[in-house]
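# Architecture and fold: a report
Here's the letter readout for the chains.
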Amino acid sequence: MAKKFIVSAYGKDRPGIVADVTEILYEYGCNLEDTRMGNLSGDFSLMILFSSPEEDDIEAKLTEAYERLKDEKQISAYIRRSTAAEQKPVPPQATYTLKVEGLDHTGIVYRISRYLAYHNINIANLDSAITHTPESGAQVYHMEVSIEVNAETDMDEVREGLSQLAEDLHVEIAIE
């Protein structure tokens, strides 16, 4: 059975950063299974789940190769073994999307993610950005969160709590 790893990498955005990170995986016969990549205000971030050939020292070889990449291309990369195969099967879940919008201020992500965690709701994906209104130039925070909810969760209670949280945070929260 192939070993699975996750590599997290980041560096100054430029053409070729994805090629530099994935070249190492290709050279060692690794297969990409799931990825998340994006530009974050001039820095490029990558998260890659991959499987590797059955070699006892593959993790050490990859770690060494990524250390060279840091020195040669100024890309920082960290590898860890994935524990996904060791986890218990997850019960059936419903998926929803939360859309959040409001004037930008500290604590929006923290307060919403803490509320979701309290209700045992998993965040599968979270994307956010700040835009400026054309009229005043005010910073508006936009967040879209894909969530996974257990069948036992009372969604009416969750909606009510999110509504109160939206008032507290002075944002709009829509659940789809």
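Described in the following lines is the structure provided in the data block.

### Brief notes about the sheet that holds strand E3 (residues 43–52)
Adjacent strands of a sheet form backbone hydrogen bonds with each other and so pair up, either parallel or antiparallel. The 4 strands are arranged E2-E3-E1-E4 in an open sheet whose pairing can be described as antiparallel. Single-partner strands in this sheet number two, and they are strand E2 (31–40) and strand E4 (76–81). On average, adjacent strands in this sheet sit at an angle of 10 degrees to one another, irrespective of strand direction. Pairing between E2 and E3: 9 bridges, direction antiparallel. What sits directly across from Asn39, in E3, is Phe44. Along the sheet, helix H1 (residues 17–27) makes contact with strand E1 (3–12), E2 and E3, crossing E3 at roughly 20 degrees. Helix H2 (residues 58–73) contacts E1, E3 and E4 of the sheet and is inclined by roughly 170 degrees relative to E4.

Criteria and cut-off values
Residues numbered from 1 in each chain as written. Predicted model: local features only at pLDDT ≥ 70, side-chain atom pairs only at ≥ 80, totals over all residues. Heavy atoms only, no water. Pairing = 2+ DSSP bridges. Helix = DSSP H or I, 4+ residues; strand = E, 2+ residues; numbered from the N terminus. Axes fitted to C-alpha atoms, helices over the stretch in contact; angles between N-to-C directions. Contact = heavy atoms within 4.5 Å.

Function-wise, these values are silent; they only describe arrangement.
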